[in-house]
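# Coordinate analysis (summary)
What follows is the residue order along each chain.
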Amino acid sequence: MAPLACAIANAVAALALATVLAPATPLVADPDERLRYVSQHLLLWRLGWGTWMLAALTLLWCYLWWRAKVGASYAAIAVAAAGLVFDLSAETVLIVAAPDRYLEVAPFAFFATGAIANGLYTVAGIRLTLATRLGTPERVWAAFMWSAGLMASLGALLGLPLVTAIATGELFLLFVPWCVYLRRRLGA
């Protein structure tokens, strides 16, 4: 159940990012334009970040399930849990501070969720992947997926929103079916 819930929640969150949240992310260079968008679409903005919070929670659930299935170290879970703290904190700030303090909090929040949380989730995913018996095609799939996660984090770290956006798109195109694959491969 955990990997399928994770797949669905992350697919919904990625769709929300591409359609509802993107106009107020650093992809839009003008901060005043982003603020205007948040102000005019506040409910959608908050619901969009709510989907990301649910996606983060199901990711940790999936990682717990995955760790149990392969007998991996709890270190991956500790790393992912640290990512969850940064993620939920950043997303809460984006929800609560908008629109009045959006311009003030957005730079830190996008850094915390994009660079730190995503980076930690990716490191945890790599650790779990390394603990999983996989064939060469699956290892290649995982290598592309996790490299996209690292690139998304690097883009957020360096303030390169287009790099972050492209890598995030690649990551989710690979990660959502990966969750379904894990469910089929490792069983209930």
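Above this text you will find the structure in question.
All values derive from a computational prediction rather than experimental measurement. (Residues numbered from 1 in each chain as written. Predicted model: local features only at pLDDT ≥ 70, side-chain atom pairs only at ≥ 80, totals over all residues. Heavy atoms only, no water.)

What describes two packed helices is the angle between their axes and the distance between those same axes. The geometry of helix α1 (residues 2–21) relative to helix α7 (residues 161–186) is characterised by a closest axis approach of 8 Å and an angle of 160° between their N-to-C directions. Considering the angle they form, α1 stands roughly antiparallel to α7. In this structure, α1 meets α7 at a crossing whose hand is left-handed. Across from P3, L4, C6, A7, N10, A11, A14 and L17 in α1, the residues of α7 making contact are T168, F172, F175, V176, C179, V180 and R183. A class-by-class count of the residues in the contact of α1 with α7 yields twelve nonpolar, two polar and one charged. (Axes fitted to C-alpha atoms, helices over the stretch in contact; angles between N-to-C directions. Helix = DSSP H or I, 4+ residues; strand = E, 2+ residues; numbered from the N terminus. Parallel < 35°, antiparallel > 145°, perpendicular 65-115°, else oblique. Left-handed = near helix turned anticlockwise from the far one by under 90°. Contact = heavy atoms within 4.5 Å. Nonpolar A, V, L, I, M, F, W, Y, C, P; charged D, E, K, R; others polar.)

So, on to unusual backbone geometry. In this structure, the amide linkage connecting A98 to the following residue, P99, adopts the cis form with an omega of -5°. Residue position: P99 is located in the loop between α4 (75–97) and α5 (102–130).

With that settled, consider α1. Buried within α1 are the following residues: A2, P3, C6, A7, A9, N10, A13, A16, V20 and L21. Contacts from the buried residues of α1 go to α2 (31–40), α3 (42–70) and α7. (Buried < 20%, exposed > 50% of the residue type's maximum accessible area, 1.4 Å probe, protein only.)

Next up on the list: the nonpolar core. One finds W45, Y63, W66, F175 and W178 to be the most contacted residues of the largest nonpolar core, which totals 54 residues. Leaving out residues up to four positions away in the same chain, Y63 has contacts with I77, A80, Y121, A124, G125, L128 and W146. (Core = buried A, V, L, I, M, F, W, Y, C linked by side-chain atoms within 4.5 Å.)

Right, let's talk about the pattern of salt bridges for a bit. Taken as a whole, this structure holds one salt bridge when the rule is applied. A salt bridge links R101 to E104, with the shortest nitrogen-to-oxygen separation between them at 2.9 Å. On the basis of relative accessibility, which here comes to 55%, the residue E104 falls in the exposed class. (Salt bridge = Lys/Arg side-chain N within 4 Å of Asp/Glu carboxyl O.)

For α3, spanning 29 residues, the distance from its first C-alpha to its last is 42 Å, which sits close to the expected 42 Å at 1.5 Å a residue. Backbone geometry just after α3 places G71 at a positive phi near 70°. (Expected span 1.5 Å × (residues − 1).)

So, on to a nonpolar patch on the surface. A cluster of nonpolar side chains, M151, L154, L157, L158, L160 and V163, forms an exposed patch at the surface whose accessible area comes to about 510 Å². Sort the elements by how many residues they give to the nonpolar patch and helix α6 (residues 136–158) lands first, with four residues. By the secondary structure assignment, M151 is in helix α6. (Patch = residues over 30% accessible without salt bridge, like charges linked within 9 Å, V, L, I, M, F, W, Y side chains within 5 Å. Areas by Shrake-Rupley, 256 points an atom, 1.4 Å probe, with all protein chains shown as cover.)

What is shown is where atoms sit, not what they do.
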